[in-house]
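Structure at a glance
So you can see what is in the structure, the chains are spelled out below.
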Amino acid sequence: SARSRPGRIARYQAELETGGTFAAQLVGELLGALARGEVVLHYQPQVELRSGRVLGVEALVRWEHPVHGLLVPDAFIPAAEQTGVIGPLTRYLLDLAVEQCARWRAAGLELTVAVNLSARNLLDPALLTDVRAALARHGLPATALELEITEGTVMMDPARSRQVLGALADLGITLSIDDYGTGYSSLAYLQRLPMGRLKIDRTFITDLVRDEASATIVRSTIELARHLRLEVVAEGVEDDATLRMLRDMDCFAAQGFGLGRPVPPAKLPALVLAIEAR
Ligand code: C2E
Ligand code: CA
Ligand code: CA
Ligand code: CA
């Protein structure tokens, strides 16, 4: 039942943390889950603040586990990264997201889709081929695809990252720095990469209205990003006061529970209509 889900997830998470055998077991389970279609994507709207329009969605993975219920990424992505299953998993999700986005566009919903990449994905020599293949297979223009990468991912191998990101940008894909502000890299460094967007981490947005320091950080990040020609997306917007403040700061777009929670693809068109009717 839905009520026992949090408990089950917590237990499952505790098991995962106890070590290697579960990680190894998870690999087999996850590959089976992919084949059975248990791994799905939910989509969260990204809203342009000036117009109130939904520009795109971020694809967030969920595992509809037959025993443990709906699992969030934190319950299995770390193990997938450690074991290398993140390779086939991301390839699968990339294809799924691109296919879904192409479907929406064919139905007249002009959205973009953002896919999260792990460090291992960015360093995988097959990434570029996989991305090109997914776009071609579903006839999605590269400009409709966004890839989200954290600062930490880029810093794992800056030279190689720059090379791969350059090739992806050349295709026309939008590259975003995810969780901005939680890493140690400077905007001056990130600016040397072909990034198009910067997603300010939720920790700075949560306290925006109440905390002077957060407001200063967000305001100056938006200011600096404008000079560097980066679009700023605020993550984790939960209320209207925060939304108004971001709009006053000329933030480009926002994402958060206050605008729309991640939903299964079938529920997305109605959510877009509801947001744009606000
Ligand atoms: P993220 O990329 O920073 O994604 C945003 C997370 O914040 C999502 O959690 C989303 O549900 C949540 N969120 C959105 N708005 C709000 C809000 O207003 N308040 C709060 N408290 N939370 C909000 P989720 O789906 O559990 O994903 C967690 C993380 O797992 C993601 O963080 C991302 O790092 C990773 N992840 C998700 N999907 C994928 C994937 O397909 N591949 C990889 N490699 N990682 C993924
Ligand atoms: Ca993300
Ligand atoms: Ca993020
Ligand atoms: Ca994150």
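Residues numbered from 1 in each chain as written. Chains lettered and ligands numbered in written order. Predicted model: local features only at pLDDT ≥ 70, side-chain atom pairs only at ≥ 80, totals over all residues. Heavy atoms only, no water.

Looking at an unreviewed UniProt entry, the protein carries the name EAL domain-containing protein, with the source organism given as Pengzhenrongella sicca.

1. Concerning the packing of aromatic side chains
The following threshold applies: For Phe, Tyr and Trp, rings pair up if their centres lie within 6.5 Å, where Trp contributes its six-membered ring, and each pair is then called stacked (planes under 30 degrees apart), edge-to-face (over 60) or tilted (otherwise). The helix and strand labels rest on DSSP assignments: H or I over at least four residues marks a helix, E over at least two residues marks a strand, and numbering proceeds from the N terminus. Note on exposure labels: buried denotes an accessible area under 20% of the residue type's maximum, exposed denotes more than 50%, and partly exposed covers the range between, all computed with a 1.4 Å probe on protein chains only. Here, a charge over a ring means that NZ of Lys or CZ of Arg falls within 6 Å of the ring centre while also lying within 35 degrees of the ring normal.
All chains considered together, the criterion is met by two aromatic pairs. Measuring from ring centre to ring centre gives 5.0 Å for Y43 and W104, while their planes differ by 80°; the resulting arrangement is edge-to-face. Residue Y43 is located in strand β1 (residues 39–48), and its partner W104 is located in helix α4 (residues 86–106); the two are separated by 61 residues in the primary sequence. Take Y43 and W104: they sit in the same class, and that class is buried. Ring centres of W63 and F76 lie 5.6 Å apart, and the angle between their planes is 85°; this geometry places the pair in the edge-to-face category. Taken together, the positions of W63 in strand β2 (residues 54–65) and F76 in the loop between β3 (69–71) and α3 (77–83) put the pair 13 residues apart, joining distant regions of the chain. Judged by relative accessible area, W63 falls into the buried class, the value being 1%. Sitting above the plane of the F257 ring, R261 keeps its charged end 4.0 Å from the centroid.

2. What to know about the coordination of the calcium ion (ligand 3)
Angles between donor atoms at a metal ideally measure 109.5 degrees for a four-coordinate tetrahedral arrangement and either 90 or 180 degrees for a six-coordinate octahedral one. What counts, and what does not: Note on donors: an N, O or S atom is included if it sits within 2.8 Å of the metal, or within 3.2 Å for Na, K and Ca, and water is never included, so sites can look incomplete.
Around the calcium ion (ligand 3), the protein contributes the donor atoms D178 (OD), D179 (OD), E235 (OE) and E235 (OE), at 2.1 to 2.6 Å from the metal centre. Donor residues for the calcium ion (ligand 3) sit on one chain with the sequence pattern D-D-x55-E. In this structure, the calcium ion (ligand 3) lies 3.9 Å from the calcium ion (ligand 2), and both are coordinated by D178. Residue D179 is classed as partly exposed on the basis of its relative accessible area of 26%.

3. Quick notes on the pattern of salt bridges
Using the following cut-off: Basic side-chain nitrogens of Lys or Arg form a salt bridge, by our definition, when they fall within 4 Å of a carboxyl oxygen of Asp or Glu.
As enumerated under the stated definition, the model contains 13 salt bridges in all. In this structure, K199 and E58 form a salt bridge, with 2.9 Å as the shortest nitrogen-oxygen distance. Here K199 is found in strand β7 (residues 197–200), whereas its partner E58 is found in strand β2, with 141 residues between them in sequence. Among the residues examined, K199 registers a relative accessible area of 0% and is labelled buried. The partner of D130 in a salt bridge is R91, and the shortest N-O contact between them spans 2.9 Å. Highlighted residues: D130 in helix α6 (residues 127–138) and R91 in helix α4, separated in sequence by 39 residues. Accessibility expressed as a relative area gives 38% for R91, which makes it partly exposed. Taken together, the shared-partner salt bridges connect E58, E148, K199 and E235 into one network.

4. Some points on the packing of α6 against helix α8 (residues 158–171)
Stated precisely, the cut-off is as follows: Lines fitted to C-alpha atoms define the axes here, with helix axes fitted over just the stretch in contact, and angles between the N-to-C directions of these axes take values from 0 to 180 degrees. The labels follow the angle: roughly parallel below 35 degrees, roughly antiparallel above 145, roughly perpendicular from 65 to 115, and oblique for the rest. We call a crossing left-handed when the near helix sits turned anticlockwise from the far one by less than a right angle, and right-handed when that turn is clockwise. Whether two residues are in contact is decided by their heavy atoms: any pair within 4.5 Å suffices. Lys, Arg, Asp and Glu make up the charged group, whereas Ala, Val, Leu, Ile, Met, Phe, Trp, Tyr, Cys and Pro make up the nonpolar group; the residues left over, Gly among them, are polar.
Contact geometry for α6 and α8: axes closest at 10 Å, N-to-C directions at 15°. Considering the angle they form, α6 stands roughly parallel to α8. For the crossing formed where α6 meets α8, the hand is right-handed. Residues L127, L128, V131 and R132 of α6 form the contact with α8, whose participating residues are V164, A167, L168 and L171. Its residues assigned to classes, the contact of α6 with α8 shows seven nonpolar, no polar and one charged.

5. As for the nonpolar core
Defined as follows: Take the buried Ala, Val, Leu, Ile, Met, Phe, Trp, Tyr and Cys residues and link them wherever side-chain atoms come within 4.5 Å; each set so joined is a nonpolar core.
Residues F76, L89, L145 and L147 are the most contacted members of the largest nonpolar core, which totals 83 residues. Per-element tally for this core: the top contributor is α4, with nine residues.

6. A look at unusual backbone geometry
Non-glycine residue D179 carries a positive phi angle of around 55°. For D179, the location among the structural elements is in strand β6 (residues 174–180). If you check the backbone angles, D250 has positive phi at about 65° while not being a glycine. Looking at where D250 falls in the secondary structure, it is placed in the loop between α12 (240–248) and β9 (253–254). Among the residues examined, D250 registers a relative accessible area of 52% and is labelled exposed.

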